Amino acid sequence: MTSIFTATVLGSPRIGPRRELKKAVESFWAGTLDAPALGAVARELRRQSWTDLRDAGIDSVPVNVFSYYDQMLDTAAMLGALPDRVAGESTALDRYFAAARGTATVTPLEMTKWFDTNYHYLVPEISPSTRFTLDPSKVLGEVEEAQALGIAARPVLIGPVTFLLLSKAIDSESSLLSRVGELLPLYAELLGRLADAGVEWVQIDEPALVADRTESEIATAGEVYRALSAIEHRPAILLASYFGDLGAALPTLAKTGVEGLAVDLVAGDPGALAAIPELAGKHLVAGIVDGRNVWRNDLTESLTTLETLRGSARSIAVSTSCSLLHVPYSLASETGLDDSLGSWLAFGSEKMREVTALATGLLSGRDAVAAELAGAAAALASRAADPRLHDRAIRERLATLKASDDGRRPAAERREVQAAVLPLPLLPTTTIGSYPQTTAIRVARAALRKGEIDEAEYLRRMRGEVADVIALQERLGLDVLVHGEPERNDMVQYFAEQLDGFFATADGWVQSYGTRCVRPPILFGDVRRPRPMTVEWTSYAQSLTAKPVKGMLTGPVTILAWSFVRDDQPLSESADQVALAIREETVDLEAAGAQVVQVDEPALRELLPLRAADQPAYLDWSVGAFRLATSGVADATAVHTHLCYSEFGEVIGAIAGLDADVTSIEAARSHMEVLDDLNAVGFDLGVGPGVYDIHSPRVPSVGEIADSLRAALKTVPAERLWVNPDCGLKTRGRAEVEASLHNLVAATELVRAEL
Ligand SMILES: Nc1nc2c(c(=O)[nH]1)N[C@@H](CNc1ccc(C(=O)N[C@@H](CCC(=O)N[C@@H](CCC(=O)N[C@@H](CCC(=O)O)C(=O)O)C(=O)O)C(=O)O)cc1)CN2
Ligand code: MET
Ligand SMILES: [Zn+2]
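Residues numbered from 1 in each chain as written. Chains lettered and ligands numbered in written order. Predicted model: local features only at pLDDT ≥ 70, side-chain atom pairs only at ≥ 80, totals over all residues. Heavy atoms only, no water.

Draft legend 1. Quick peek at the sheet that holds strand S8 (residues 236–240). One open sheet accounts for seven strands, arranged S1-S5-S7-S8-S9-S10-S11; its pairing is parallel. The outermost strands of the open sheet, each flanked by one partner alone, are strand S1 (61–63) and strand S11 (315–320). Strand-to-strand, the axes of this sheet are offset by a mean angle of 30°, without reference to chain direction. Pairing between strand S7 (residues 201–205) and S8: five bridges, direction parallel. (Pairing = 2+ DSSP bridges. Helix = DSSP H or I, 4+ residues; strand = E, 2+ residues; numbered from the N terminus. Axes fitted to C-alpha atoms, helices over the stretch in contact; angles between N-to-C directions.)

Draft legend 2. Structural view of the UniProt feature "binding site: 5-methyltetrahydropteroyltri-L-glutamate" (unreviewed entry) in the protein chain. Those residues carrying the UniProt feature "binding site: 5-methyltetrahydropteroyltri-L-glutamate" (unreviewed entry) are Arg 19, Glu 20, Leu 21, Lys 22, Lys 113, Asn 118, Arg 516, Cys 517, Trp 562 and Glu 606 in this numbering. Separation in sequence by 588 residues is matched in space for these annotated residues, since their most distant C-alpha atoms are 28.1 Å apart. One can find Asn 118 in the loop between strand S2 (111–113) and strand S3 (120–122). Asn 118 sits in the buried class, given a relative accessible area of 16%. The residues contacting Asn 118, other than those within four sequence positions of it, are Lys 113, Ser 512, Val 518, Trp 562 and Glu 606. Within the element layout of this structure, Trp 562 appears in the loop between helix H20 (556–561) and helix H21 (571–591). Residue classification places Trp 562 among the buried positions, given a relative accessible area of 15%. What Trp 562 contacts, discounting residues up to four positions off in sequence, is Lys 113, Asn 118, Met 491, Val 492, Pro 520, Pro 521, Pro 602, Ala 603 and Glu 606. (UniProt positions renumbered as here; feature names shortened; annotations may be inferred. Buried < 20%, exposed > 50% of the residue type's maximum accessible area, 1.4 Å probe, protein only. Contact = heavy atoms within 4.5 Å.)

Draft legend 3. Expanded view of helix H5 (residues 137–148). The end-to-end C-alpha separation of H5 is 16 Å, in line with the 16 Å expected for twelve residues at 1.5 Å each. Along H5, the residues classified as buried are Val 139, Leu 140, Glu 142, Val 143, Glu 145 and Ala 146. Those residues of H5 that are buried lie in contact with helix H2 (35–55), S1, helix H3 (71–78), strand S5 (153–158) and helix H7 (180–196). Phi for Gly 150, located one or two positions after H5, is positive at around 75°. (Expected span 1.5 Å × (residues − 1).)

Draft legend 4. Summary view of the domain arrangement of the protein chain. Under the domain assignment, the protein chain is made up of domain 1 (20–387) and domain 2 (429–498 + 533–754). Put simply, the middle of domain 1 and the middle of domain 2, counted by C-alpha atoms, are 33 Å apart. In this assembly, 25 residues from domain 1 lie in contact with 13 residues from domain 2. On the domain 1 side of the contact with domain 2, Lys 113, Asp 116 and Asp 212 bury the most area, a combined 27% of that side's loss. Applying the counting criterion to the domain 1 and domain 2 interface returns three salt bridges. Across the pair Lys 113 and Glu 606 runs a salt bridge whose closest N-O atoms are separated by 2.3 Å. (Domains from an automatic or database assignment. Buried area = accessible area lost by both parts, 1.4 Å probe. Salt bridge = Lys/Arg side-chain N within 4 Å of Asp/Glu carboxyl O.)

Structural data, given as structure tokens:
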């Protein structure tokens, strides 16, 4: 008889509370740390993470959620599905990292958004010649390591359905899901090996099933779990879903023989569970503590929900709604919080304790956790009563603005006005905003933070960087310049630090991809811009050159997408408030002389709801917020925007709806297909399809950039075409950037001569 656990989380962060893993992996790449030393750092981080969970009272601890880079890549490695082109690397770790980030000769796997989060996974490539083979060493190794520490280890696997649905088919038109039969024997063998190792529960993640799926996909998922649960020698299976409701897949999965189901009760609807009689025989892992946001849980309300669910399942464990990968480790290191704000929040380690408090309350009654319930209730009451949550003046201004027309003339008319005040050559060249964030820049910012240099010295150094970047762009012969964004730690956090209503954490790091991390700001109150945020930088840059310098801002949707947002009002309301602040900034930039203002919305696609039924409403408010942010300037001021990191197919109509005079858009990796999609929706504004991929250190040749431009010109008339890289250059090195942009300008000149 399998033992039943009561309190768990679906996964944990792995980058390290002080980003130890980031530093170790980057040192390994730089050749200053060897593989055994890297392994030792990793092992210590796992030990710490598991013992923290155990000490918090978690009685089933997820393992195999550690990763050197990404869990999808780990799964590809486990299934023998790394691309052939990495085979030449000498060790397994080298092959792994080559697939993740490429080498001088190997192109890496593509990277894309993990559902609607700001985490990015590597997209496995599966071709007709892929022969799946099992390498269970990583998961078995972690199980053994955890057991040696006396930890109740529950290994976590990405399920075969999600693995295939999220992979990319190479040289084949048919759905990869048709190959699930090849994976089943491997998963079956793995389950046997886990059982041999004494594992009681295995968690198999199938988040792909919370998005819209066809009947046949759902039927396949049902067959897969019927087959896996029919295996005799195996651990109990916890089938985990997160980021939404299972919807139509729920009854199908509940009819299979899996012992447990983990469901997201934050994004999903607890009511749906009552209608599923088969749950009565299962262990329900109730994801009621939000794994993606940072608000303290309303423990009393959660207990009520859990108590109503008690009748629907054989047993219940309390859990987070998803892995804690998406929130920072702990509030303990956040010293800048005021007492009230601090009391409203829960990061990873606080969430573990919320889970165990709820589990205790559910098992032993509310009296057993009276102090926890009272603490949470007091925090909630303090939050609801805080004056920073409601700024009458802001709300009235917004209401008036939204009631009036947006006031910009049609794009074609704006184009003429803009060309008259700012004449540009055909195929104008530009960059997306950031230039390399060099060690000198980051060290200066760290020194300012530690008080080793003063504000004046910091500004002096950053102005030096701006001057260098302007000189470089003039030397290269670019047409529309940027100041290079050296003063920004991040394109969202930088704004949040200056806006009322946001709290920017000092240490709340969350992995975004590989070794790259972000500190998502916390939006807790009404948004107000106390003073201009960027004008001095743009004006300073403009003072150094006769060429136009673009003002550079982040749009409201992206600021929200990469922040922890309020849960006490609809996202659309928060978006309008941020839009108002950005609108004020565009107006100030214009008043300071900017002729071009770029408002980046790289996360427009990311927030698109997973279910089609929810998408139109989202597109409506997100486009509305962008227009609110950008329609305050005169027709003579060109509004640019930038989009990246996505497949744009589903939001292509919304891109046209943004009505930006010029849109720079990631296209290098999708071979300009996005241009056809734009044409199909009648897009007739300026467009700069990225002509090279900035995610790789490779310098593109003049010939290949020219070919991209010629390809683009087949779809877009020269009068509308802009030339730019795919995205900002902040993660690249100075030398690569200079060489790549040199080639970009040379290629443009070549193609201009052909017009
Ligand atoms: N928020 C956000 N989400 C995004 C993106 C984005 O740009 N921002 N881009 C897309 C891809 N995601 C990305 C996420 C992070 C980074 C990135 O470069 N992150 C940096 C940190 C950026 C940062 O906050 N820098 C700070 C702190 C830098 C730092 O680590 N300083 C050291 C000291 C200095 C040193 O030794 O280097 C320290 O504090 O220990 C600053 O510059 O001030 C990193 O992980 O290395 C890039 C892309 C999608 N999502
Ligand atoms: C992720 S989009 C980046 C846009 C920003 N302006 C930059 O160049 O870095
Ligand atoms: Zn970008």
